[in-house]
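# An overview of the molecular structure
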Amino acid sequence: MSEIQIASSWKKILSSSFEKPYFQSLRAFIKNEKQAGKTIYPDEPLTFHAFDVTPFEQLKVVILGQDPYHDEGQAHGLCFSVPDGKALPPSLQNIFKEIKKDLGINIPESGNLERWASQGVLLLNATLTVEAHKAASHQNKGWEIFTDSVIQEISHHKKDIVFLLWGNYAKQKVKLIDTNKHLVLMSGHPSPLSANRGLWFGNKHFSATNEFLRSKNKGQIIW
């Protein structure tokens, strides 16, 4: 099987995972799905895009999502993000609304969050691939084992990282994080279902993140 294409700064941290049986099984599953004619998102070169645009050395913030978008042209390897020119999904609209409320920043036209990623925000989905038009179709195939190990490696090797855990699924990941070394901020999910029940708006996570980064003499994020 071909070598994993992932940024060199992460490869030395994560290379042992790629050799493990669960990961080999995961790769075989995805290969078989493609050979069966199924469309997989994101496109293969973008599977590890989150790592490519946020080098390990520059890491400041981790935002955890669950699944890639499963409609055509939406997923590009960053959680909650869509490429330029794509309509803003509801959760992303609510993220931008909270940023406006929190920091007074106007809602942008583009939902491409590479501008965050390039500042040190790792936009990590728990599952890195999905079958077209089938939400959660690649859950429990091995991706979660891999991304849990990513969180643990970050917690172990880094300090003063801000972890943003939105929704019950993401909140479960707190057990993987050394909260004595890092700041963990939790709230409801930005999806309309959660946000409309008062579990998202007003969390002020974006100003709190920047306040923490400033206190650690790290550059704040331009949200």
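Before reading on, note that the structure itself is shown above.
A brief look at the structure comes next.

Calculation rules
Residues numbered from 1 in each chain as written. Predicted model: local features only at pLDDT ≥ 70, side-chain atom pairs only at ≥ 80, totals over all residues. Heavy atoms only, no water. Axes fitted to C-alpha atoms, helices over the stretch in contact; angles between N-to-C directions. Helix = DSSP H or I, 4+ residues; strand = E, 2+ residues; numbered from the N terminus. Parallel < 35°, antiparallel > 145°, perpendicular 65-115°, else oblique. Contact = heavy atoms within 4.5 Å. Nonpolar A, V, L, I, M, F, W, Y, C, P; charged D, E, K, R; others polar. Buried < 20%, exposed > 50% of the residue type's maximum accessible area, 1.4 Å probe, protein only. Phe/Tyr/Trp six-rings, centres within 6.5 Å; stacked < 30°, edge-to-face > 60°. Lys NZ or Arg CZ within 6 Å of the ring centre and 35° of its normal. Polar contact = N/O pair within 3.5 Å; in protein donor to acceptor, adjacent residues only side chain to side chain. Left-handed = near helix turned anticlockwise from the far one by under 90°.

Packed helices, taken two at a time, are described by their axes: the angle between them and the distance between them. Close contact between helix 4 (residues 90-103) and helix 9 (residues 205-215) brings their axes to 8 Å; oriented N to C, the two are set at 60°. Here helix 4 is positioned oblique relative to helix 9, judged by the angle of their axes. Note on element contacts: helix 9 touches helix 4 through His205, Phe206 and Ser207, opposite Ile95, Glu98, Ile99, Asp102 and Leu103. Residues of the contact of helix 4 with helix 9, tallied by class, amount to 4 nonpolar, 2 polar and 2 charged.

Turning our attention to unusual backbone geometry. The step from Tyr41 to Pro42 runs through a cis peptide bond, and the omega angle for that step is -10°. Here Pro42 shows up in the loop between strand 1 (40-41) and helix 3 (49-53). One non-glycine residue, Phe80, lies in positive phi territory at about 70°. For Phe80, the position within the fold is in the loop between strand 2 (61-65) and helix 4. At Asn217, a residue that is not glycine, the phi angle is positive and equals roughly 60°. Looking at the secondary structure, you find Asn217 in the segment after helix 9. Given the relative accessible area of 75%, Asn217 is considered exposed.

In the structure shown here, the tally under the stated rule is 21 aromatic pairs. On the numbers, 6.1 Å between centres and 65° between planes, the contact of Trp143 with Phe146 is edge-to-face. Linking Trp143 with Phe146, this pair stays in helix 6 (residues 143-157), spanning 3 residues, or about one helical turn. Each member of the pair Trp143 and Phe146 is classed as buried. An aromatic cluster of at least three residues, connected via ring pairs, comprises Trp10, Phe18, Tyr22, Phe23, Phe48, Phe51, Phe56, Trp143 and Phe146. One Lys or Arg, Lys158, reaches over the ring of Phe56 and ends 4.7 Å from the middle of that ring.

Turning next to the side chain of His76. Within the fold, His76 resides in the loop between strand 2 and helix 4. A relative accessible area of 6% places His76 in the buried class. Separated by 2.7 Å, the side chains of His76 and Ser81 make a polar contact.

As a packed pair, helix 2 (residues 21-35) and helix 6 sit with axes 9 Å apart at the nearest point and diverge in direction by 130°. What the angle tells us is that helix 2 and helix 6 run oblique. Helix 2 and helix 6 meet at a crossing whose hand is left-handed. On the side of helix 2, the interface is formed by Tyr22, Phe23, Leu26 and Ile30, while helix 6 contributes Trp143, Ile145, Phe146 and Ser149. When its residues are assigned to classes, the contact of helix 2 with helix 6 shows 7 nonpolar, 1 polar and no charged.

Shape is all these values report; function is a separate question.
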